[in-house]
Amino acid sequence: MPGGRFAGAATAPLAVLLGVLSLAAPALAQEEEPLIDWSKLDFSGYVAGETRIFPQSPQYPEQKNTRVSPSLAVQPELRYRWNRRDDRITFVPFLRLDADDENR
């Protein structure tokens, strides 16, 4: 007898596996949900410029002798909402670039 007494036992799990895969094939063929639903994402914020003018000379020697000091501020706001907009997470970073003051 070719295959011995285990030949039928080896094909039964294979048949079950193929049956399960044929039932799952339509579900696997559907398009996957995207990682981020962009319709639930809101973006806002602002960009602002500022110029400070110093009409007088510096009072102390450690001060810079600058008459005009420009700066730029950026504050984006990113919100992600889910559960019919009942839950949300908000990210609000802030950045200021100043021509003369690195601590500002």
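Notes on the structure follow.

Calculation rules
- Residues numbered from 1 in each chain as written.
- Predicted model: local features only at pLDDT ≥ 70, side-chain atom pairs only at ≥ 80, totals over all residues.
- Heavy atoms only, no water.
- Pairing = 2+ DSSP bridges.
- Helix = DSSP H or I, 4+ residues; strand = E, 2+ residues; numbered from the N terminus.
- Buried < 20%, exposed > 50% of the residue type's maximum accessible area, 1.4 Å probe, protein only.
- Contact = heavy atoms within 4.5 Å.

**A closer look at the pairing of strand β2 (residues 68-82)**
Turning to step 1, where the next piece is worked out: Bridge count between strand β1 (residues 41-53) and β2: 13 bridges; the pairing is antiparallel. Counted as the bridge partner of R52 is S69 from β2.
Turning to step 2, where the next piece is worked out: Bridge analysis of β2 against strand β4 (residues 95-98) gives four bridges, and the strand direction is antiparallel. Along β4, the bridge assignment pairs S71 with D98.
Turning to step 3, where the next piece is worked out: Both β2 and strand β3 (residues 87-91) contribute to a ladder of five bridges, which runs antiparallel. Each bridged residue has a counterpart across the sheet, and for R79 the counterpart in β3 is T90.
Turning to step 4, where the next piece is worked out: Linkage of β2 to β3, two consecutive antiparallel strands, is achieved through a turn of four residues, within which N83 is found at a positive phi near 55°.

**Concerning the environment of W82**
Turning to step 1, where the next piece is worked out: For W82, the position within the fold is in strand β2.
Turning to step 2, where the next piece is worked out: On the basis of relative accessible area, W82 is assigned to the partly exposed category, the value being 31%.
Turning to step 3, where the next piece is worked out: In sequence terms W82 and D37 are 45 residues apart; their C-alpha atoms lie 9.4 Å from each other.
Turning to step 4, where the next piece is worked out: Once you skip the residues sitting within four places of it in the chain, W82 turns out to touch K40, D87, R88 and I89.

Take it as geometry only, folks, not as evidence of what the structure does.
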